[in-house]
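Notes for the structure review
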Amino acid sequence: MILALDVGNTNTVIGGFEGEDLRLSLRIQSDRNKTADEYGLLLRGLLAGRGVDLSAVEGGIISSVVPELRYVLSKVMERLTGKKFLVVSNQMNLGGMKIRMDIPTQVGADLLVDAAAALSLFKPPLVVFDMGTATTMSVLDPAGDYIGGVIIPGLRLSMDALSGRAAQLPFINLDEPPARLIGTNTVDCMKAGAIYSNAAMLDGLADRVEEQLGEKVTVVATGGLMGVVAPFCKREVHYREDLLLVGLLRLYHLNSR
C-alpha cells in the first residue's frame, strides 16, 4: 500500500492506494498543537482500525500547506512505517508541467497536486477549482504549464464571517443544497446566496479565463463543499472528490524511482 497525506488548513486527509485503487480514506483535524507522539498514537490507531499493516506500506507522500505539520507528519509517518515519505515541492518532477509564476516557490503544494492530477485526467487548457478553507483557481495553458490563478475566501469561511458579524443572521449548514434560488426565510436566503453566488462565480471566472486565453477550457473541481456547489454551475464541471489523492499518487510514482 502507498499512503498519501493531504494536510490542509482545516483537515488532513489520509488515503491508502493498492495499485491505482483508493482502498481507504480517513479525515482528521489539522491540529497544529498536537505533538508528534500524539499524532503517532492517533494515526496508528486509525490505520490499524482500517486493517492497514504498517510494516507492509511500500512508501508514501505528503502535501501540506501547514509548514509545521509538514515536518511533524513526515517524521511521524517515517516512524510508523520505516519509510521516508516524499514531500511535495516545486522542485520535484511534476510530469512535465512548468510553473510560470513570478515566484514559483510561493505556489501551494495543494495547487501543484491538483494541477498534476487534472493533467493526468484531462487535456489542457484547464481551470482547476479547489474549494477548501480558501477557494482557489489554477490555470494551466494549452501546453499544460501552470500560469497562475486566483485565491478567494472560502465558502464556509465567508458564511461564518457573515454570521459572526451580523447579529440577526444564524450559522447555517451548507452540506444540503438550497431548495430554490429565491429563499422565503432567512436560512433559505442565506443558503441560496452562498451556493448560487459561488456557482455563478466559478462560471464567471472560467468564462473570463477563456477570454484571456482565447480558447475553451475544461473545468475540473474538488474540495469539501464543491460537491454541493458544482451541480448549480451552468458550465460542465468535472468534479472529483479524490482529485488531491489521485494527484499525490501520480507524483509519488513520478518521483519514487
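Report on the accompanying structure. (Residues numbered from 1 in each chain as written. Predicted model: local features only at pLDDT ≥ 70, side-chain atom pairs only at ≥ 80, totals over all residues. Heavy atoms only, no water.)

Another point: the overall build of the chain. Within the chain one finds 7 helices and 10 strands. Computed over the C-alpha atoms, the radius of gyration of the chain is 19 Å, within 12% of the 18 Å expected from 2.2 N^0.38 for a compact globule of 257 residues. Each principal axis of the C-alpha atoms in the chain carries an extent, and together these give about 55 × 45 × 30 Å. In the chain, which comprises 257 residues, the share counted as buried stands at 47%. Sequence-distant contacts, at least 24 apart, represent 56% of the contacts inside the chain between residues at least 6 apart. Of the roughly 12700 Å² of accessible surface on the chain, a fraction of 50% belongs to carbon and sulfur atoms. Counting 25 positive and 29 negative side-chain charges, the chain places the averaged centre of each group 2 Å from the other. (Helix = DSSP H or I, 4+ residues; strand = E, 2+ residues; numbered from the N terminus. Rg over C-alpha atoms; globule rule 2.2 N^0.38 Å. Buried < 20%, exposed > 50% of the residue type's maximum accessible area, 1.4 Å probe, protein only. Contact = heavy atoms within 4.5 Å. Areas by Shrake-Rupley, 256 points an atom, 1.4 Å probe, with all protein chains shown as cover. Lys, Arg positive; Asp, Glu negative; His and termini not counted. Charge placed at Lys NZ, Arg CZ, Asp CG, Glu CD.)

With that settled, the discussion passes to the packing of helix H1 (residues 36–49) against helix H2 (residues 67–81). Across the interface, H1 lies against H2 with an axial gap of 9 Å and an inter-helix angle of 55 degrees. As summarised for this structure, H1 and H2 are arranged oblique, according to the angle between their axes. Note that H1 runs across H2; the crossing there is right-handed. Residues Ala36, Asp37, Tyr39, Gly40, Leu43, Arg44 and Leu47 of H1 form the contact with H2, whose participating residues are Leu69, Val72, Leu73, Val76, Met77, Arg79 and Leu80. (Axes fitted to C-alpha atoms, helices over the stretch in contact; angles between N-to-C directions. Parallel < 35°, antiparallel > 145°, perpendicular 65-115°, else oblique. Left-handed = near helix turned anticlockwise from the far one by under 90°.)

With the rule as written, the count across this model stands at 12 salt bridges. A salt bridge links Arg23 to Asp21, with the shortest nitrogen-to-oxygen separation between them at 3.6 Å. Taken together, the shared-partner salt bridges connect Asp207, Glu210, Lys216 and Arg235 into one network. (Salt bridge = Lys/Arg side-chain N within 4 Å of Asp/Glu carboxyl O.)

Read from one edge of the open sheet, 5 strands run S8-S7-S6-S9-S10, paired in mixed fashion. Unpaired on one side and paired on the other, strand S8 (146–153) and strand S10 (237–239) mark the two borders of the sheet. Here the strands of the sheet are splayed against their neighbours by 20 degrees on average, with no regard to which way each runs. Bridging between strand S6 (residues 126–131) and strand S7 (residues 134–140) involves 6 bridges; their strand directions are antiparallel. Pairing of Leu126 across the sheet is with Leu140, part of S7. Those strands touched by helix H5 (residues 186–213) are S6, S7, S8 and strand S9 (218–222), and its axis lies near 155 degrees from that of S6. (Pairing = 2+ DSSP bridges.)

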